Amino acid sequence: MGRDRKSGIEPGRGVPLVDQGRVDVEDHAPDRLRCRPVRRGPGVVGHACSLRGIALCTVTSDAVTPDPDEDLPEQMRIRREKREQLAARGKEPYAIGLPITTTIAAVRAAHPDLEPDVSTGEQVGIAGRIIFLRNTGKLCFATLRAGDGTELQAMLSLAKVGEEELEAWKDLVDIGDHVFVAGEVITSKRGELSVMADEWRMAAKALRPLPVAHKALNEETRVRQRYVDLVVRPEAQQVARTRVAVVASVRRSLSERGFLEIETPMLQTIHGGAAARPFVTHSNAFDMDVYLRIAPELFLKRAVVGGLERVFEVNRNFRNEGADRTHSPEFTMLEFYAQYLDYQDVARITREVYQEAALAATGSLSVEHPDGTVLDLSGDWPQIDLYESLSTAIGEQITPATNRDRLVRLCEEREIGFHPTAVPGKLAEELFEFHVVPTLVDPVFVMDYPVDTSPLVRGHRTKPGVVEKWDLYINRMESGTGYSELVDPVIQRDRLMEQAALADRGDDEAMHLDEDFLRAMEHGMPPMGGVGVGVDRMLMALTGLGIRETILFPLVKPGQS
RNA sequence: GGGGCGCUAGCUCAAUGGUUAGAGCUGCGGACUUUUAAUCCGUAGGUUCCGGGUUCGAGCCCCGGGCGCCCUACCA
């Protein structure tokens, strides 16, 4: 055995210290000697040695000089050597300023259907990442893929590039490298659109091998190494681009309707705007704890008080709660507010914004998911009443006045879990989620929620016990909510005092009393409609994917290495 | 939070407590001027997540830890 290939230390050669004494590793158990690389501050590398799990010493690189490449898997070591070889042969491994004349997509678009074995006479310079390589003795093929998923074949022949350049290609180019190729646009004998190279250059030598393109990466690797996922799985690119299309469309739709996009604080000193547990962090400059926002609502409303009239924001919210297929600790939220509108007006705008986004992203208002679910987003979206639909489903009249004991019993009969302190409205919503939500596939506005769960919403004009609030359900998921906003500062103060009392009693979702928000409201907050829509859930509805697939880099716990 | 399952080569996966942990692709060496996951011949590649333990012997069994997935609970 001899040399421990991981550490570069030969057992028995080093004499690690144990306390003040010494131990001869050879005499004890050489097979139990463990040495692992450690980093002690910038640039200081060493090896920590242990015997039978007992730390012995840290050997710095002065004492032991391991070959830095020795730890690497063979494939990575070879790629590093190829990088060196490029330089040795006068080639830049990471060339900049390449004479690129066009894109892969443009070449494809310009020559949609050429016959096989055709020369166009058109000279181009293109670059892309190699995803497949097929080398024969004197003719080499490479499939180059661009970021947009388009592909083009590069061909290198002995006749065109000469023996030296062809050998260099075969010796130094791997799958995963970015290469530049200049030459004529042709089709191969099999009809594949190609560039017949007069010249090739390395654009970026990849030191790590790409995953095998033909077998699916497992979900964890996809999420943790999204950059790799994006390279090998065009659908990953597609999702990222769909998000861009959706967000751009949302901005366009609202801008066209007179809304101003503004940016409100992510760091907030008071926790409010929704019922959710916040992340807490600390400002050194102000020497105080601050919250990552759970909602932009209270600031957008301040802006409307100030006369910005119609405002919106598309940005991140943070909620320190569960993470599952439909919840992410950070997620993208659209909120918009318009003075003088009510919850019916903003329901219409929400539907239009959503439909325009669906068209922009998918070209259709009928969306089919991988699991076969089909969503029909077209036309007007129906409205159902929360209490009426619940009563119908249960076969018993439920109203905001139904007493709590009855609701508790109904929940218990169905084994629906609920918080022991849950208010009656919350219990009604639980029952609704149990009975009605699973049936809501196509978009539906659920209207008129209990007042005790909606502290920021105006009371209903005619129905007692409910507020002018809707939840939008799409694909059995709550996708957005809209209100006729509460703008009466006296009522608002009462509601927020109740919230603050809940918070004092240990409810860490309850809002705190935001005096400055009330002060703004006391200056005259115009009646307004307001909406919050989960953008990630829009993506989920349009793609049928889980939330972690719609977010490019979702939060993950750090793994090994 | 509770329960179940998983972690093995660069990637995707095998492997009754019992030879030296295997396969495909990738890699490396060779052949090939029209390939499409090229093909053919040859070959290398391992801290079986980490740390303990049981055993003559552990990828497999036990204990502890890490990370993930599923179910469940909680959650504007």
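Parameters at a glance
Per chain, residues are indexed from 1 in the order of the written sequence. Here every chain gets a letter starting at A, and every ligand a number starting at 1, in the order they are written. With the structure being a predicted model, the display of local features is reserved for residues of pLDDT at least 70 and the display and counting of side-chain atom pairs for 80 or more, all residues being used for whole-chain, interface and lining totals. Side-chain numbers come from the whole structure's heavy atoms, not from hydrogens or water. Numbered from the N terminus, helices here are DSSP runs of H or I no shorter than four residues, and strands are runs of E no shorter than two. The buried label goes to any residue with under 20% of its type's maximum accessible area, the exposed label to any with over 50%, and the partly exposed label to all in between, with areas taken from a 1.4 Å probe on protein chains only. Working rule for contacts: check all heavy atoms of both residues, and any pair within 4.5 Å makes them a contact. Per-residue and other accessible areas follow the Shrake-Rupley method at a 1.4 Å probe size, with only the shown protein chains counted as cover for residues. Whether two strands pair comes down to DSSP finding at least two bridges between them. Orientation is described by axes fitted as lines to C-alpha atoms, over the contacting stretch for helices, and by angles from 0 to 180 degrees between their N-to-C directions. The criterion for a residue being near a molecule or strand is simple. One of its heavy atoms has to lie within 4 Å of it. Each polar contact in these results corresponds to two N or O atoms within 3.5 Å; when the atoms are within protein, one needs to be able to donate a hydrogen and the other to accept it, and residues that are neighboring in sequence are counted only if both atoms are side-chain atoms. The aromatic pairing rule takes the rings of Phe, Tyr and Trp, using the six-membered ring of Trp, and pairs them if the centres are within 6.5 Å, calling planes under 30 degrees apart stacked, those over 60 edge-to-face and the rest tilted. Here, over-ring charges are defined by two tests on the NZ atom of lysine or the CZ atom of arginine: distance to the ring centre within 6 Å, and angle to the ring normal within 35 degrees.

Undergrad: I would appreciate a short explanation of the overall build of chain A in the present structure.
TA: Within chain A one finds 15 helices and 23 strands. The buried share of chain A, taken over its 561 residues, is 45%. The long-range share in chain A, meaning contacts at least 24 apart out of those at least 6 apart in sequence, stands at 63%. Carbon and sulfur atoms form 51% of the exposed surface of chain A, whose accessible area is close to 28,500 Å².

Undergrad: Is there a simple way to explain the sheet that holds strand E7 (residues 139-145) in this structure?
TA: Hydrogen bonds along the backbone pair up the strands of a sheet, which may run parallel or antiparallel. With mixed pairing, the 5 strands of this closed barrel are ordered in space as E6-E7-E8-E10-E9. Across the sheet, the mean angle from the axis of one strand to that of its neighbour is 50°, orientation sign disregarded. As judged from the 10 bridges shared by strand E9 (residues 178-187) and strand E10 (residues 193-204), these two strands associate in the antiparallel manner. Directly across from isoleucine 186, in E10, lies its bridge partner serine 194.

Undergrad: Before we go on, may I ask you to explain the sheet that holds strand E15 (residues 310-318) in this structure?
TA: Overall, mixed pairing links the 8 strands, which are arranged E11-E15-E16-E23-E22-E21-E20-E19 in an open sheet. In this open sheet, the two edge strands, each paired with only one partner strand, are strand E11 (260-261) and strand E19 (383-385). Looking at chain direction, E15 and strand E16 (residues 330-339) are connected through 9 bridges and run antiparallel. In the sheet register, asparagine 315 faces E16, and the bridge partner there is methionine 333. Of the strands in this sheet, E19, strand E20 (444-450) and strand E21 (466-474) are in contact with helix H9 (residues 386-394), which crosses E20 at around 100°.

Undergrad: Would you take a moment to explain the protein's contact with RNA strand B for this structure?
TA: Around RNA strand B sit 56 residues, and of these Lys82, Arg134, Ser188, Arg190 and Tyr483 come closest. Counting only atoms of RNA strand B within 4 Å of the protein, the sugar-phosphate share comes to 57%. Residue asparagine 135 places a main-chain N or O atom 3.1 Å away from a base nitrogen belonging to RNA strand B. One of the backbone N or O atoms of glycine 137 is found 3.4 Å from a base nitrogen in RNA strand B. If you list the elements that add at least two residues to the surface near RNA strand B, you get helix H1 (74-88), strand E6 (119-135), E7, strand E8 (151-157), helix H3 (158-172), helix H4 (219-224), helix H11 (424-435) and strand E22 (477-484).

Undergrad: Is there a simple way to explain the packing of aromatic side chains in this structure?
TA: Centre-to-centre distance and the angle between the planes together describe a pair of aromatic rings. Overall, the coordinates contain 6 aromatic pairs when judged by the stated rule. Summarising the aromatic geometry, the rings of tryptophan 381 and phenylalanine 445 are spaced 5.9 Å apart at their centres and angled 35° between planes, so their arrangement reads as tilted. With tryptophan 381 in the loop between strand E18 (374-376) and E19 and phenylalanine 445 in strand E20, this residue pair connects regions lying 64 residues apart in the sequence. Neither tryptophan 381 nor phenylalanine 445 differs from the other in exposure class; each is buried. Following the ring pairs from residue to residue traces out a cluster consisting of Tyr354, Trp381, Phe445 and Trp470. Here the guanidinium or amino end of arginine 302 rests over the ring plane of phenylalanine 299, the centre of that ring lying 4.4 Å away.

Undergrad: Would you take a moment to explain the side chain of lysine 91 for this structure?
TA: The residue lysine 91 is located in the loop between H1 and helix H2 (104-110) in this model. Every residue in contact with lysine 91, bar those within four places of it in the chain, is listed here: Leu86, Glu165, Ala168 and Trp200.

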